[in-house]
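For reference, the chains in residue letters:
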Amino acid sequence: MLNPGKKILVAIDGSPQSDKAAEEAVRLASVAGPPFKSKIYAILVIPGARAPSFTDFFPSPPATERPDWEEKRKRIFYVVEKAAAEAAVSLHVEVVYGEAADEILSFAEQEEIDVIVIGSSGVGRVKRALLGSVSSRIAQQARCSVYIVR
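Conventions used here
- Residues numbered from 1 in each chain as written.
- Predicted model: local features only at pLDDT ≥ 70, side-chain atom pairs only at ≥ 80, totals over all residues.
- Heavy atoms only, no water.
- Core = buried A, V, L, I, M, F, W, Y, C linked by side-chain atoms within 4.5 Å.
- Buried < 20%, exposed > 50% of the residue type's maximum accessible area, 1.4 Å probe, protein only.
- Helix = DSSP H or I, 4+ residues; strand = E, 2+ residues; numbered from the N terminus.
- Contact = heavy atoms within 4.5 Å.
- Salt bridge = Lys/Arg side-chain N within 4 Å of Asp/Glu carboxyl O.
- Polar contact = N/O pair within 3.5 Å; in protein donor to acceptor, adjacent residues only side chain to side chain.
- Pairing = 2+ DSSP bridges.
- Axes fitted to C-alpha atoms, helices over the stretch in contact; angles between N-to-C directions.
- Parallel < 35°, antiparallel > 145°, perpendicular 65-115°, else oblique.
- Left-handed = near helix turned anticlockwise from the far one by under 90°.
- Nonpolar A, V, L, I, M, F, W, Y, C, P; charged D, E, K, R; others polar.

**Student:** With reference to specific residues and values, describe the nonpolar core.
**Tutor:** Within the largest apolar cluster, 26 residues are counted, with the highest numbers of intra-cluster contacts made by Ile8, Val10, Ile12, Ile40 and Val117. Mapped by element, the contributors of at least two residues to this core are β1 (7-11), α1 (16-30), β2 (39-46), α2 (69-87) and β4 (115-119). In terms of residue count, the dominant contributor to this core is α2 (eight residues). Excluding residues that lie within four positions of it along the chain, Ile12 makes contacts with Ser18, Ala22, Ala42, Ile43, Leu44, Val45, Ile76, Phe77 and Val80.

This is how it looks when you write it as structure tokens:
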């Protein structure tokens, strides 16, 4: 079980699995009680680079600079923001660009995260064997505890 005052990183992507992971992260953060509540970091990794590359023929603006971004952001982070507010848990939201597992692992190391909470991918055995999954890669490579929520 978590010791009081831990840093918890939850991977968010708007899927039902990430919503379950968000709820579980908030539950873990609030277990110790008010003086020792943990801090939650919710991270959304957007595939690709923030800036278009030289080879892009028709570059499009990054996802976070499009007109519909704020609406999408609210939908993606709705569950974690609502649960954290109801439990009075400190929440920091982060949006980064890149490969999901790499960015999550990098953020966890940079912020000295104590536990990563991530939803199970739900992909089949064959697809997972060929491509791997973000949750299994994080479980194998993280330097901290990993909690995979199904």
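**Student:** Now, about the pattern of salt bridges: what can you tell me, with residues and values included?
**Tutor:** As enumerated under the stated definition, the model contains eight salt bridges in all. Taking the shortest distance from any N to any O, the salt bridge between Arg73 and Glu81 comes out at 2.9 Å. On the basis of relative accessibility, which here comes to 18%, the residue Arg73 falls in the buried class. Across the salt bridge formed by Asp102 and Arg137, the nearest N and O atoms sit 2.2 Å from each other. Of the two residues, Asp102 is situated in helix α3 (residues 100-110) and Arg137 in helix α5 (residues 134-141); the sequence distance between them amounts to 35 residues. Relative accessible area serves as the criterion here: at 36%, Asp102 is assigned to the partly exposed category. Shared partners join several salt bridges into a network, and the residues in it are Glu70, Arg73 and Glu81.

**Student:** An account of the side chain of Glu24 is needed here, citing residue identities and associated values.
**Tutor:** Relative to the assigned elements, Glu24 resides in helix α1. One polar contact links Glu24 to Arg27, side chain to side chain, over a distance of 2.5 Å. Excluding anything up to four places from it in sequence, Glu24 contacts Tyr147 and Val149.

**Student:** Quick one: what's the story with the sheet that holds β4, residue by residue and with numbers?
**Tutor:** With respect to topology, five strands assemble into an open sheet ordered β3-β2-β1-β4-β5, the strand pairing being parallel. Each end of this open sheet is capped by a strand with a single partner; those strands are β3 (90-97) and β5 (145-149). Strand-to-strand twist of the sheet, defined as the mean angle between neighbouring strand axes without regard to direction, takes the value 20°. Of the pairings in the sheet, the one linking β2 to β3 comprises eight bridges and is parallel in character. What sits directly across from Val45, in β3, is Val96. Where α1 meets the sheet, its contacts fall on β1, β2, β4 and β5, and the angle it forms with β1 comes to roughly 170°. Contacting β4 and β5, α5 runs over the sheet at an angle of about 160° to β4.

**Student:** Describe the packing of α1 against α2, and please don't skip the residues or the numbers.
**Tutor:** It is at 9 Å that the axes of α1 and α2 come closest, and there the two elements cross at 20°. By the criterion of interaxial angle, the relationship of α1 to α2 is roughly parallel. Considering only the axes of α1 and α2, their crossing is right-handed. Counted together, Asp19, Ala22, Glu23, Val26 and Ser30 of α1 and Val79, Val80, Ala83, Ala84 and Ala87 of α2 form the full contact between these two elements. Here the residues of the contact of α1 with α2 sort into seven nonpolar, one polar and two charged.

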